[in-house]
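What follows is the residue order along each chain.
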Amino acid sequence: TKYTSSDDYVARGDGKKGIGMAGGQSWTQQWLTFDNSYFREEPSGDLMMLETDKIIREDPDFKPHFERYAKSQEEFFKDYADVHKRLSELGSTFLVPGGIRIDLPKSKL
């Protein structure tokens, strides 16, 4: 997509230039930034939107959380950190075989 096509980053398992697979899409414009933009950005043809993404925007039980996270990145980070900690304590490892690598050109460091 216009947000993910770049030769500046290597985030592929095969080490080749480019991001992911051809034809892929991102959920947010700044897809390498961890923030609450997923909750703030309106769906568009340029961004990925699965049925599950549509449902959590509209689900009466989750919508209040979705709207709260859109308004406050601090609230999103607080809840995320709490859940991530609990999952880690229950044994989730969050390990990716081969690791995650993003090589930035020295000019961008």
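The structure displayed is predicted, hence computed values, not measured ones.

A.B. asks: Got a minute to help me understand the side chain of Asp79 in this structure?
C.D. replies: Residue placement: Asp79 occurs in helix 4 (residues 73-89). For Asp79, a relative accessible area of 17% translates into the label buried. Apart from the residues within four sequence positions on either side, Asp79 is in contact with Arg68 and Tyr69.

A.B. asks: Any chance you could explain empty space enclosed by the protein here in plain terms?
C.D. replies: Where empty space is left becomes clear once a probe the size of a water molecule has been rolled over the atoms. Considering all chains together, one arrives at one cavity of 30 Å³ or more under this definition. Taken as a whole, the largest cavity holds about 60 Å³ of empty space. Considering the residues around the largest cavity, the lining is formed by Trp27, Tyr38, Glu41, Glu42, Pro43, Leu47, Met48, Met49, Asp53 and Arg57. Split by residue class, the lining of the largest cavity holds six nonpolar, no polar and four charged.

A.B. asks: I would appreciate a short explanation of the packing of aromatic side chains in the present structure.
C.D. replies: Each aromatic ring pair is described using two quantities: the centre-to-centre distance and the angle formed by the ring planes. Summed over all chains, the structure comprises eleven aromatic pairs. Between Tyr38 and Phe66, the aromatic rings sit 6.1 Å apart at their centres with planes inclined by 65 degrees, giving edge-to-face as the arrangement. Placement of the pair is Tyr38 in helix 1 (residues 37-40) and Phe66 in helix 3 (residues 63-71), with a sequence separation of 28 residues. Assessed through its relative accessible area of 6%, Phe66 is described here as buried.

A.B. asks: For this particular structure, what's the right way to read the environment of Glu75?
C.D. replies: Counting through the fold element by element, Glu75 comes out in helix 4. Judged by its relative accessible area of 27%, Glu75 is partly exposed. Remark: the alpha-carbon pair of Glu75 and His65, spanning ten residues in sequence, is separated by 9.4 Å. Ignoring any residue separated from it by four or fewer positions in sequence, one finds Glu75 in contact with Arg68 and Tyr69. Of the polar contacts made by the side chain of Glu75, one reaches the side chain of Arg68; its length is 2.8 Å.

A.B. asks: Where do I start with the pattern of salt bridges in this structure?
C.D. replies: Close approach of charged atoms allows side chains of opposite charge to pair. This structure, assessed with the given rule, holds eight salt bridges. In this structure, Glu51 and Lys54 form a salt bridge, with 3.4 Å as the shortest nitrogen-oxygen distance. Here Glu51 pairs with Lys54, and both are found in helix 2 (residues 51-58), just three residues apart, close to one helical turn. Salt bridges sharing partners connect three or more residues here, namely Arg68, Glu75, Lys78 and Asp79.

Reading the values: the criteria
Residues numbered from 1 in each chain as written. Predicted model: local features only at pLDDT ≥ 70, side-chain atom pairs only at ≥ 80, totals over all residues. Heavy atoms only, no water. Helix = DSSP H or I, 4+ residues; strand = E, 2+ residues; numbered from the N terminus. Buried < 20%, exposed > 50% of the residue type's maximum accessible area, 1.4 Å probe, protein only. Contact = heavy atoms within 4.5 Å. 1 Å grid on protein atoms, 1.4 Å probe; cavity = no way out; pocket = protein on both sides within 12 Å on 5 of 7 lines; lining within 4 Å. Points joined across faces, edges and corners; volume = space filled by probe spheres on them. Nonpolar A, V, L, I, M, F, W, Y, C, P; charged D, E, K, R; others polar. Phe/Tyr/Trp six-rings, centres within 6.5 Å; stacked < 30°, edge-to-face > 60°. Polar contact = N/O pair within 3.5 Å; in protein donor to acceptor, adjacent residues only side chain to side chain. Salt bridge = Lys/Arg side-chain N within 4 Å of Asp/Glu carboxyl O.

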